[in-house]
Every structure is written in C-alpha cells, then in structure tokens.
Protein chains: 2
Amino acid sequence: MAEQTGNTGQTVNPWKVQGEIVDGKLQAIDYNKLVDQFGTRLIDQPMLDRLEKLTGVRPHVFLRRGLFFSHREFNKILDLYEKGKPFYLYTGRGPSSGSMHVGHMIPFLFCKWLQDVFGAALVIQLTDDEKFIFNPDLKIDDAHKFAIENAKDIMSFGFDPKKTFIFSDLDYMSGPFYKNVIKVAKSITTNQSRATFGFNDSDNIGKLHFVSVQASPSFSNSFPHIFGTANIPCLVPCAIDQDPYFRLTREVAQKLKYHKPSLIHAKFFPALQGPGTKMSASITTSAIFINDTPNQIKNKINKYAFSGGQDTAELHRLHGGNCEVDVSFQYLKFFLEDDEELALIEKQYSSGEMSTGQLKQKCIAVVQELVKGIQEIRATVTDELVDQFMNPTIPKDASMKPCVPQVQELKIE
Amino acid sequence: MAEQTGNTGQTVNPWKVQGEIVDGKLQAIDYNKLVDQFGTRLIDQPMLDRLEKLTGVRPHVFLRRGLFFSHREFNKILDLYEKGKPFYLYTGRGPSSGSMHVGHMIPFLFCKWLQDVFGAALVIQLTDDEKFIFNPDLKIDDAHKFAIENAKDIMSFGFDPKKTFIFSDLDYMSGPFYKNVIKVAKSITTNQSRATFGFNDSDNIGKLHFVSVQASPSFSNSFPHIFGTANIPCLVPCAIDQDPYFRLTREVAQKLKYHKPSLIHAKFFPALQGPGTKMSASITTSAIFINDTPNQIKNKINKYAFSGGQDTAELHRLHGGNCEVDVSFQYLKFFLEDDEELALIEKQYSSGEMSTGQLKQKCIAVVQELVKGIQEIRATVTDELVDQFMNPTIPKDASMKPCVPQVQELKIE
C-alpha cells in the first residue's frame, strides 16, 4: 500500500502509521496522498455549510479545523437526516492496559457531539478478541479486563447511556452478532483479507478472520435490543488507519444487501515526540493519559512535547516558531475551542511574539482542564452505570431525538 | 494427502471420501492404508477385552465387528475410568435438509451406548455455521432450521436429556465457547489450516477459521452449565474423515495446556450404490432415511442396494456371493446385533445357499425395525423435550453415573 516516492513511502494501516522517509528524514503524514491512495473524499466547506444548515449548530471544532477531514458517503447521512430518516453511530477501540490517552479520546469526543446534535444511537465495540489474537504475549482474561477498564473511561465522556451500547466482543459475541460475523466471513476470500491487511501464511487464522468481527457492528441487526430487526444505516467515525477494514465492509455490505456504512475519518493525534507517528499506549512518554495528574501533564508537555520553536529565545523572537510541527500547538488545535484565541496564538507564535514556554503553558492549562473534567466524571462511574451501558438485555432508545439542552447550548448566536 | 498407488490414490477428508482408482475401477476404502496415512492406531482385541473387563459389559456390536476400528489415545479414556476419573463425550454433525439417514446415526448410536455404559455426559454440536460457510447456495436461516430439525432426529436415539447437550453453533456461540474459539484460532496458522484441509486463496476466511469452532467443544470449559470451570478430558467418536480436524485440535490442546481429546473412529457407512463412497444426504437414492416408510425401505434396498451376488441364480448357488462388497450384508454388519445369526448369514450367502433376494429380505426387515423404533420416539419429541436438550441455561449432570438399568441388560450372562 506504500507509494514509492523518495526513500520510503508512507505506511498507513491499522497496525502501523509512519510518514515517508526522505533522505533519511521522517516526514509528517501526507493526508492528501493518503486520501488519493485510499480513495476517500475530502470534507469540504460546502459540506460543513450544509451540516450547519441542517442541524442549526456550528460544526464541531474537529470539523472546523480539518481534524475530521475525510469521508465515504457522509453526504448520505446528511440526506437521511434531511428526510427525517434514522441512522446510528458506530465506533470502537482495541483495549489496552491502563487508562486511555487523549489521542484515543478523539473519535469518542466527536461521537458524543454527533449523538447530541443528531440524537443518534451509538454502539462502541471493544475489540478484546482482536487484541488477544494479534498480541502473542497477551492473556485473554487480561484483554477482557482492559476492555472493561477502557469502557469505564469511555463512559466518562458524557454519552447518554439510554442511547449508547458499549460492548466487549468476548462478552457480546452471540446470536445476531455472530450471524453477521459468519455472513461477512463467507463473503471475504483469504486473498482479499491477506491483500488488504498484509497478512502472510504464518499469521494465525484469527487474524485473517477478524475483519468479519470489526465489520459486523456496521449492520444494525447485530443489535436487536437497540434496533429490533430494522435495517438502519450506519456512520462510522474513526481514525483514518481503520479505513481498510471498512472499505472491505462496504464491499461486503453490497453483496449482503445491507446498507454500506458511511465513514468519517480523523487525522492522527500526534505523539508528544512529534510528527510522522501516532501515540502509542505502550510508550508512556509519548502520550497524555486520562489518569495523569496535573503535574504529570505539565512535566510531559514541558519535557517531551516536540517544539516548533527556534533553538534560542533570540532566534525565536526573530524567526518565530513552526506551528505545523509544534506538538503543543497541534494539541491546542484539537482542544482549544475558541477559534479566535487559537488564531491569535498561531499569529503570535509564528511571529516569535509568543515563546515556546508560553505556548506550552497554554497547552498545559487546556489539557489539564480537559483531563480534570473527565476525571471528575470517571470518579462517579459505578458498577450500575457500567451495567446501564453494557448490559445487552437493556433496550436502548434508537429514536433520533437529540439531547435538546446541549443542542440549544451549541446553537450559534 | 492422497497416496500415489496405481491410477489415483484414495481421498479421505471432511468433504470427500473416495477409494483408489485402479485401472479405471473404483476400489473400496483401504482402511489400513488410511490408518497409516493419518497416524491413528487400530483398535485391537486386547483393548476390547480391557473394555469388557473394566465395564462388565460386552463391547458394542460396532466395536466387535470392527466398524469403530481406529483411535487416538482411547486407552487414556479407559485409564481414567479405571481410576474413577471423569471424561465426557463429544460428537457432532453438519446439519442437512430433511431427515437424517441411517449412516448418520452411527456415531450417535455408539455415543448412546457409551453414555449408558460409562455414564458420561455428552455434547452434540450442530455445525449450521459451517454448512452455511461451505455452501454458496445455502441461506443462513435454512442452515439453522436444518440444525433444529436434525436435533429432533438425534433426540430420538434415546439419549438422557439430563446428561446430553445438543446445540446449534449459531445459537450457542457466546462467552466461554467463543473464548475457546479465539484461543484455538490464535494457535493455528493460515498455512496449517490450508495444508490440513486443502484450502486455497479463493476460499473464504470462514472456511479457514472454522476448525476453531469444531475444535472448541473438545474443551470442557466451553460448557460451564455442564462442567463449571473443571478441565475434563474428552472422547470424540466420529467418522474417520473428521480426523484432520481433531489431529489439529490435539496439537492446539497441547499448546493451550488443555487435555488432548481422545478419538475413536468409525468406518464409512456404505451408500446403497456400493463400496468406495459414503452416503450423501443430497442423493436420496443413496441412503435410507429415518423418515422413510417401510415400503420405501423395501424398495430402496431391493432396487439400489449393491449386490455381491452372482448374475444368475444358478451361478449364485454355484459360486456364492461376496459379502465384503454386498451392501445388504454390510448393513446387517452394522445393525444385526446377534453375532451368531450374522455369522450364519455370512456362511450361507458366501456359499450360495442364501440367495440375494433372501439376504435383501433380511436386511429390509432389520432396517425397517430399526427405523420404526426411531420413528416411534421421534413422534413423541415435543418443544419441551427440545428445550430440555438444547437450552444452555439448564444445568446437566456430568457425574459418571451410568444409567443402571440399561447396563444390567447389557451384562454378559
């Protein structure tokens, strides 16, 4: 899948994200090249304008700033909404030990906004089976444990438990879900799975088969306790490295006469160390974790956040900093909601008027506040709440009723 | 897997059974060659003597006549029984439309005897998922329907519902069972699955993966409602074409630190048309079905049962008939319990004293009676009985308490 340009083309798949290497230097991900390569569409301003017109609210900061930047048939979702027809949301994560990091939050924060604005039901898949299958050293009970712990983090993002189903594959695999897994598996050849994901003959059969498990939540009849037997179209917000799974899912959906899921893709959340890579749960200094203390956040950003500033204060005042590669600025792009304030910071840092220290200070403050808010809700997560979100015998509300108070808050003045 | 001897070697795998072709002529299956090729062991008289000594009952007619003829570590099962330690039984079937045929009954009849003699619990897997995966034209709901219908036939063989769990994969796939499926899938490479079963790159990923579903009932923790979390060894009676699945299962069991399932293999039940093939549910004239009327049984045997007799009555009285290839005689070998009577028939038919017509008449009578007995019980199968056998929330009795009355009947005088 990597193109040959210069020394090594960029690699983007569910297990590896790495920018091009040109003359031995690691480059940032070229998202335009990626969109061409994958065959997705860029989200443009007319689409955002239409979204605003239909919903009456300003597009989420991630959309405004091009962080959710690419899609497959998101226009169909807008068509449905315009006609008063339902859709639902599906996202997921491969659980890991310890708490989630702020990069992991991105699709979830965006899903919360989508749920609030559209009133759509949401299913969240925790792929503990996948993690076990792909990690030789991981025990299956640990994979499951991580899934439940990650679920508790996810519950802290403010989803409506009456409209949201969070599930571990190991727990939920059964009747209607398994039926779809089998139908999807029948529709994908060994060659297709291997070519799409780059598997070889020594890869275990679980790996080749897993795409059928990740595809199946795209089909609403996997969730009778939410949708009954209705065939409701799906929107999948995810990081763009997951696209191969869903490209294959859309092909299969067609064969199975199911709705093809629409996709909306996010750029990668930069690791503290800088451009060209994504955050990794296994490298603690590469990320800010949801359970980091304010001091840890401060130290990580001060010590490890890759700076786009000049080497000395004098040079910096002269030439200014490079916002594009500066990680603290990139984090503000994700988390500082005020467009004017962000624009001012960009101006001042680029000109050198704002120092690296000051920029980092601002980033620290914003991230501390974000994490603090989540930790407050996280502390209130009880077994009862876990049950409300995860128990598949509890029916959900799949009607497209927005959570009205939030929408009113978001309305443009 | 086929050896090269003469024109074409014999083929034995879960999807095809065919004898050698020598000078264009189809031969019967060479079971000794097969045992060598697969690496199983022949069941010998000392083993049968030990079985008789330990249980106090005469070995089942299938064992006495070498119809269950091969094994992997059946001696370990006898060791367990001798030490008063538990084991359980696992067999299965790929469901097909319509009623089962008498060849399908063989592993089940043998399991019933094993259950009665040893008092072991029994799990019976209906692989509706497999049938769907491997048959391009089969609808998934039909596969499931066949499973339930076949289950009702199986219930008519006299199993103890308190010690027997019959399940459809599509219905039962969940938590503990799925956990084992995933563990097994992680332990089998694409290459292993492909080489064992002869798959190629255009085979769907469901096919490559399915071995993990057939393997998992060999592990007792797939069935907490029967065994709790105990790790109880398993004996798998099956037709010998299923051996590749379990050869791989035994390898995986070792890696997973589970007990390796023991195997006991049956020869193929001959199609009416004769040696070298096995019965097929899709060719109605190749088999006697459980729901055939006495007239249908009579006509099928008279018309289609391959005869080992001579071409004319005179030649027959002169040279006698070939019992080895005569299908009516082979059926009596399976179903006529009286050893002396069978020996007499063999003598008289071989000498020509008994005509083909008389032999067929005897076969018809025996098969009619067998089928009649089953139909009588089949007529009493209610939804309640189905629930007793198939509901996974109903605990089962896994203690090794034999069903005493039957054992007393079977005791040698």
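Residues numbered from 1 in each chain as written. Chains lettered and ligands numbered in written order. Predicted model: local features only at pLDDT ≥ 70, side-chain atom pairs only at ≥ 80, totals over all residues. Heavy atoms only, no water.

Looking only at helices and strands, chain A has 20 helices and 13 strands in total. By the compact-globule yardstick of 22 Å for 413 residues, chain A fits well, its C-alpha radius of gyration being 21 Å. Dimensions of chain A, computed from the C-alpha atoms along their principal axes, are close to 65 × 55 × 40 Å. For chain A, the residues scored as buried account for 57% of the 413 residues in total. Contacts spanning at least 24 positions in sequence make up 76% of the contacts within chain A whose residues lie at least 6 apart. Total accessible area on chain A is roughly 17200 Å²; 50% of this is exposed by carbon and sulfur atoms. (Helix = DSSP H or I, 4+ residues; strand = E, 2+ residues; numbered from the N terminus. Rg over C-alpha atoms; globule rule 2.2 N^0.38 Å. Buried < 20%, exposed > 50% of the residue type's maximum accessible area, 1.4 Å probe, protein only. Contact = heavy atoms within 4.5 Å. Areas by Shrake-Rupley, 256 points an atom, 1.4 Å probe, with all protein chains shown as cover.)

It is worth spelling out the relation of the copies chain A and chain B at this point. With an RMSD of 0.0 Å, chain A superimposes on chain B once it is rotated by 180° and translated 0.0 Å along the axis. Expressed as a symmetry operation, the mapping of one chain copy onto the other fits a two-fold axis. Considering only C-alpha atoms, the part of chain A nearest the rotation axis is Ser 174 of chain A, at 2.3 Å. With an isologous cut-off of 70% or more, the 100% of interface residues of chain A that recur at the interface of chain B puts this contact in the isologous class. (Least-squares fit on C-alpha atoms with pLDDT ≥ 70 in both.)

Take the side chain of Gln 10 of chain A next. All names here are of chain A. Following the sequence through the fold, Gln 10 ends up in the segment before β1 (11-13). When its relative accessible area of 5% is taken as the criterion, Gln 10 is described as buried. Separated by 2.9 Å, the side chain of Gln 10 and the backbone nitrogen of Asp 30 make a polar contact. (Polar contact = N/O pair within 3.5 Å; in protein donor to acceptor, adjacent residues only side chain to side chain.)

Time to look at the pairing of strand β7 (residues 88-93) of chain B. Residues and elements named next belong to chain B. For β7, the tally of buried residues reaches five of six residues, placing the bulk of the element in the interior. Judged from the six bridges that link them, β7 and strand β8 (residues 121-126) form a sheet pairing that is parallel. Each bridged residue has a counterpart across the sheet, and for Tyr 90 the counterpart in β8 is Val 123. Since β7 and β8 lie parallel, the crossover through helix α5 (residues 102-118) that links them has a hand, and here it is right-handed. Examined bridge by bridge, β7 and strand β10 (residues 234-239) share two bridges and lie parallel to one another. Looking at the pairing, Leu 89 lines up with Leu 235 of β10. (Pairing = 2+ DSSP bridges. Right-handed = clockwise from strand over helix to strand, strands pointing away.)

All names here are of chain B. Ordered by their spatial adjacency, seven strands build an open sheet running β5-β6-β11-β10-β7-β8-β9, and the pairing between neighbours is mixed. Edge positions in the sheet fall to β5 (41-42) and β9 (164-168), since each has one partner strand and no second. Sheet analysis places β5 next to strand β6 (residues 68-72), joined by two bridges and oriented antiparallel. Counted as the bridge partner of Arg 41 is His 71 from β6. Relative to the sheet, α5 contacts β6, β7, β8, β9, β10 and β11 (262-266), its axis offset from that of β7 by approximately 165°. (Axes fitted to C-alpha atoms, helices over the stretch in contact; angles between N-to-C directions.)

For a regular strand, side chains alternate in direction, first toward one face of the sheet and then toward the other. Residues and elements named next belong to chain B. Counted residue by residue, β11 has five buried out of five residues, so it is predominantly covered. The alternating pattern of β11 places Ser 262, Ile 264 and Ala 266 on one face and Leu 263 and His 265 on the opposite face, and all of these are buried. Sheet topology note: the β6/β11 ladder contains four bridges and is antiparallel. Looking across to β11, one finds that Arg 72 is bridged to Leu 263. Pairing of β10 with β11, which is carried by five bridges, proceeds in the parallel orientation. Within β11, the residue paired with Leu 235 across the bridge is Ser 262. Read as a crossover between parallel neighbours, the route from β10 over helix α13 (residues 243-255) to β11 is right-handed.

On to the sheet that holds strand β8 (residues 121-126) of chain A. Strands pair in a sheet through their backbones, by hydrogen bonds, and they do so in one of two ways: parallel or antiparallel. Residue and element names in this part refer to chain A. Taken in spatial order, the seven strands make up an open sheet running β5-β6-β11-β10-β7-β8-β9, and their pairing is mixed. Of all strands in the sheet, those bounded by a partner on one side alone are β5 (41-42) and β9 (164-168). In the packing of helix α4 (residues 74-82) onto the sheet, the strands contacted are β6 (68-72), β10 (234-239) and β11 (262-266), and the crossing angle to β11 comes to about 120°. Contacting β6, β7 (88-93), β10 and β11, helix α13 (residues 243-255) crosses the sheet at an angle of about 170° to β11.

Glancing now at the environment of Pro 392 of chain B. Residues and elements named next belong to chain B. Considering the arrangement of structural elements, one finds Pro 392 in the loop between α19 (383-390) and α20 (404-410). Between the C-alpha atoms of Pro 392 and His 225, which are 167 residues apart in sequence, the distance is 6.7 Å. Apart from residues no more than four positions distant in its own chain, Pro 392 is found in contact with Phe 165, Tyr 172 and His 225.

Interface size is commonly expressed as the accessible surface area that is lost when the partners come together. Taken together, the contact between chain A and chain B spans 37 residues of the former and 37 residues of the latter. Carbon and sulfur atoms supply 65% of the area that chain A and chain B bury against each other, a total of about 3000 Å² over both sides. Looking at the side of chain A facing chain B, the largest losses of area belong to Tyr 178, Lys 186 and Ile 205 of chain A, adding up to 26% of the total buried there. At the surface where chain A touches chain B, the tally comes to four salt bridges. The closest approach of N and O atoms between Asp 201 of chain A and Arg 194 of chain B, which form a salt bridge, is 2.5 Å. Our enumeration of links across chain A and chain B arrives at 20 residue pairs in polar contact (both at pLDDT 80 or more). If you list the elements that add at least two residues to the side of chain A that touches chain B, you get α6 (128-134), α7 (140-155), α8 (169-172), α9 (175-186), α10 (190-197) and α11 (205-215) of chain A. (Buried area = accessible area lost by both parts, 1.4 Å probe. Salt bridge = Lys/Arg side-chain N within 4 Å of Asp/Glu carboxyl O.)

This paragraph deals with the packing of α11 of chain A against α13 of chain A. All names here are of chain A. Contact geometry for α11 and α13: axes closest at 10 Å, N-to-C directions at 75°. Put simply, α11 runs roughly perpendicular to α13. Contacts between α11 and α13 involve Phe 210, Val 211, Gln 214 and Ala 215 from the first element and Tyr 245, Phe 246, Leu 248 and Thr 249 from the second. Counted by class, the contact of α11 with α13 contains six nonpolar, two polar and no charged residues. (Parallel < 35°, antiparallel > 145°, perpendicular 65-115°, else oblique. Nonpolar A, V, L, I, M, F, W, Y, C, P; charged D, E, K, R; others polar.)

Throughout the structure, instances matching the rule amount to 68 aromatic pairs over all chains. For the ring pair Phe 197 of chain A and Tyr 245 of chain A, a centre distance of 4.8 Å and an interplane angle of 40° mean the geometry is tilted. Of this pair, Phe 197 of chain A sits in helix α10 while Tyr 245 of chain A sits in helix α13, and the two are 48 residues apart along the sequence. Neither residue differs from the other here; Phe 197 of chain A and Tyr 245 of chain A are each classed as buried. Both rings, one in Tyr 88 of chain B and one in Phe 227 of chain B, keep their centres 4.5 Å apart while their planes meet at 45°; by these two values the pair is tilted. Highlighted residues: Tyr 88 of chain B in strand β7 and Phe 227 of chain B in helix α12 (residues 224-227), separated in sequence by 139 residues. Taking relative accessible area as the criterion, Phe 227 of chain B reaches 9% and is therefore assigned buried. Among the aromatic residues, ring-to-ring pairing joins Phe 62, Phe 68, Phe 110, Trp 113, Phe 269, Tyr 331, Phe 334 and Phe 335 of chain A into one connected group. (Phe/Tyr/Trp six-rings, centres within 6.5 Å; stacked < 30°, edge-to-face > 60°.)

With that out of the way, let us pick up α7 of chain A. Its 16 residues place the ends of α7 of chain A 23 Å apart at the C-alpha level, agreeing with the 22 Å of an ideal helix rising 1.5 Å per residue. Every buried residue of α7 of chain A is accounted for by Ile 140, Ala 143, Phe 146, Ala 147, Ile 148, Asn 150, Ala 151, Lys 152, Asp 153, Ile 154 and Met 155 of chain A. (Expected span 1.5 Å × (residues − 1).)

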